[in-house]
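# A structural walkthrough
The primary structure of each chain is shown beneath.
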Amino acid sequence: MSSCSPGRTGSPTPSPTPRDSGTNGHRVVDEAAPGAHPVISGGSQVTGWAPVDAGHTVYKAHVGDLDTRQLYVDGELKTRARGPENPPGFSKTATGYKITDTRLDSYENQSDMEVVSKWGWTTMRRPVQSISGTTMTMRQPCFHNANLHEGQEIQNPTWLENARELMDTPGERYLDKSEGDLYYMPERGRIWRRRP
């Protein structure tokens, strides 16, 4: 048995291997030391935040090739930038959707965007390949695979997610993979200071 002390562990990220397992019927147990509340994290601290607008409502930090689906601020998971629920004007096709909102065609990083579709007991997230006029083409084979289970096929979007153009609510974030920049809109009252 090993005891974890108070504090934060995660740099470098712990990487257990089979050698860390018990043998011959013995188990390895990691637990907090009495009264301790350790945190084991595979996360990376993001620094260098700077405002991107005159009103200081959106901040940006360069994260390079970090490909993350999560951002925690002061221990709270922040929401990926998303559009309104149940957007109108979507009709499912074999390769994606026919859409009526042609503004989506002007979104810069279309392949960063995902369609989130809640149906039955599932929540599916499927990446967009491209948008041209009234045609939203989804990345394959992911979209094809989302239609394999009869009665649980992907439906029209419950919302669209992860586009800079969708950032409109404090607490939302967006990762621009092509530029390696992470954007965040802090909640009202949260004070942000540029950190080196």
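The structure we're discussing is the one just above.
One structure accompanies this document, and this report is about it. Because the structure is predicted, anything quoted here is derived from the model rather than measured.

## Side note on the pattern of salt bridges
If you walk through the whole model with that rule in mind, you get 10 salt bridges. Put simply, Glu 187 and Lys 78 hold a salt bridge, and the shortest N to O gap is 2.6 Å. Highlighted residues: Glu 187 in the segment after strand S17 (181-184) and Lys 78 in the loop between strand S8 (76-77) and strand S9 (79-80), separated in sequence by 109 residues. In this structure Lys 78 comes out as buried when scored by relative accessible area, which is 4%. A salt bridge links Arg 103 to Asp 101; its shortest N-O distance comes to 2.9 Å. Taking relative accessible area as the criterion, Arg 103 reaches 60% and is therefore assigned exposed. Residue classification places Asp 101 among the partly exposed positions, given a relative accessible area of 25%. Three or more residues joined by partner-sharing salt bridges are found here, namely Arg 69, Arg 80, Arg 82, Glu 114, Arg 125 and Glu 161.

## Regarding the environment of Met 124
Topologically, Met 124 is positioned in strand S13 (residues 122-132). The class of Met 124 is buried, set by a relative accessible area of 9%. In the structure, Met 124 is positioned 30 residues away from Ile 154 in sequence and 7.0 Å away in space, judged by C-alpha atoms. Among residues more than four places away in sequence, those in contact with Met 124 are Val 115, Val 116, Ser 117, Ala 146, Gln 152, Glu 153 and Ile 154.

## A few points about the pairing of strand S14 (residues 135-138)
Side chains of S14 alternate between two faces, with Met 136 and Met 138 buried and Thr 135 and Thr 137 left unburied. Examined bridge by bridge, strand S11 (residues 96-99) and S14 share three bridges and lie antiparallel to one another. Counted as the bridge partner of Lys 98 is Thr 135 from S14. With four bridges joining them, S13 and S14 adopt antiparallel strand pairing. In the strand pairing of S14, Ser 130 is matched with Thr 137. Between S13 and S14, which pair antiparallel and follow one another directly, the connecting turn spans two residues, one of which, Gly 133, has a positive phi of 60°.

## Thoughts on the environment of Asp 53
Note that Asp 53 resides in the loop between strand S5 (50-51) and strand S6 (59-62). Here Val 58 takes part through its backbone nitrogen, which lies 3.3 Å from a polar atom of the side chain of Asp 53.

## Considerations on the pairing of S6
The two faces of S6 differ: Tyr 59 and Ala 61 on one face are buried, but Lys 60 and His 62 on the other face are not. Note that S5 and S6 share two bridges and pair antiparallel. Across the sheet, residue Pro 51 finds its bridge partner in S6, namely Tyr 59. Across four bridges, S6 lies against S17 in antiparallel orientation. Paired with His 62 across the strands is Asp 181, a residue of S17.

## Digging into the sheet that holds S6
Reading across from one edge, S5-S6-S17-S16-S9 is the order of the five strands in this open sheet, with mixed pairing throughout. Looking at strand neighbours, the two that pair on one side only are S5 and S9, the edges of this open sheet.

## Quick look at unusual backbone geometry
With omega at 5°, the peptide bond leading from Gln 140 into Pro 141 counts as cis. Looking at the element boundaries, Pro 141 is found in the loop between S14 and helix H1 (142-145). For Asp 74, which is not a glycine, the phi torsion comes out positive at approximately 50°. The phi torsion at Asn 162 lies on the positive side, around 70°, for a residue other than glycine. Its location among the elements puts Asn 162 in the loop between strand S15 (159-161) and strand S16 (172-176).

Rules and cut-offs
- Residues numbered from 1 in each chain as written.
- Predicted model: local features only at pLDDT ≥ 70, side-chain atom pairs only at ≥ 80, totals over all residues.
- Heavy atoms only, no water.
- Salt bridge = Lys/Arg side-chain N within 4 Å of Asp/Glu carboxyl O.
- Helix = DSSP H or I, 4+ residues; strand = E, 2+ residues; numbered from the N terminus.
- Buried < 20%, exposed > 50% of the residue type's maximum accessible area, 1.4 Å probe, protein only.
- Contact = heavy atoms within 4.5 Å.
- Pairing = 2+ DSSP bridges.
- Polar contact = N/O pair within 3.5 Å; in protein donor to acceptor, adjacent residues only side chain to side chain.

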